[in-house]
Amino acid sequence: MRIRAAEKDGVIEVKVLMSHIMETGQRKDAEGKVVPAHFIQDVVVKNGDKVVLAAQWGPAVSRDPFLSFKFKGGAKGDKVSVTWKDSEGATRTDTTTVT
């Protein structure tokens, strides 16, 4: 994942680019077999130990999803972590520091 978090006037803006295939389960391969669904289901963003965003996604989200949002209550130097879990049980967590 690529994560950026920047503070301006007491508001933290977070931008995240997640690398994931995000298969819907409706596409067929060259042999005509259905490609199994494989997509990010849960996303949780924390500022320190406080959850600032929690989302549940489905197969309609595009490949390599981009997420951008703002929140109040953070400060420069805080750690922002992004965790996702996909439909096959894989998880990933990355962290950045607010600039």
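Here is what the cut-offs are and how they apply
Residues numbered from 1 in each chain as written. Predicted model: local features only at pLDDT ≥ 70, side-chain atom pairs only at ≥ 80, totals over all residues. Heavy atoms only, no water. Helix = DSSP H or I, 4+ residues; strand = E, 2+ residues; numbered from the N terminus. Buried < 20%, exposed > 50% of the residue type's maximum accessible area, 1.4 Å probe, protein only. Pairing = 2+ DSSP bridges. Axes fitted to C-alpha atoms, helices over the stretch in contact; angles between N-to-C directions.

What follows concerns the environment of glutamine 26. Tracing the chain through its elements places glutamine 26 in the loop between strand E2 (11–17) and strand E3 (40–47). Take glutamine 26: its relative accessible area is 71%, and that puts it in the exposed class. Considering only alpha carbons, one finds glutamine 26 and arginine 4, 22 residues apart in sequence, at a separation of 33 Å.

A few words on the pairing of strand E1 (residues 2–8). In this structure, E1 lies alongside E2, joined through 7 bridges in antiparallel fashion. Looking at the pairing, alanine 6 lines up with glutamate 13 of E2. With antiparallel pairing between neighbouring strands as the criterion, E1 and E2 make up a hairpin whose turn holds 2 residues, including aspartate 9 at a positive phi of roughly 55°.

To continue, consider unusual backbone geometry. In this structure, methionine 22 is a non-glycine residue whose phi angle is positive, near 50°. Within the element layout of this structure, methionine 22 appears in the loop between E2 and E3. In this model, aspartate 64 sits at a positive phi of 50°, which is unusual for a non-glycine residue.

Okay, the environment of aspartate 49 next. In this structure, aspartate 49 sits in the loop between E3 and strand E4 (50–56). Of the residues examined, aspartate 49 reaches a relative accessible area of 77% and is grouped as exposed.

Reading across from one edge, E4-E3-E6-E7 is the order of the 4 strands in this open sheet, with antiparallel pairing throughout. Strands with a single pairing partner mark the edges of an open sheet, and in this sheet they are E4 and strand E7 (91–97). Averaged over neighbouring strand pairs, the angle between their axes works out to 15° when direction is ignored. In this structure, E3 lies alongside E4, joined through 6 bridges in antiparallel fashion. Directly across from valine 45, in E4, lies its bridge partner leucine 53.

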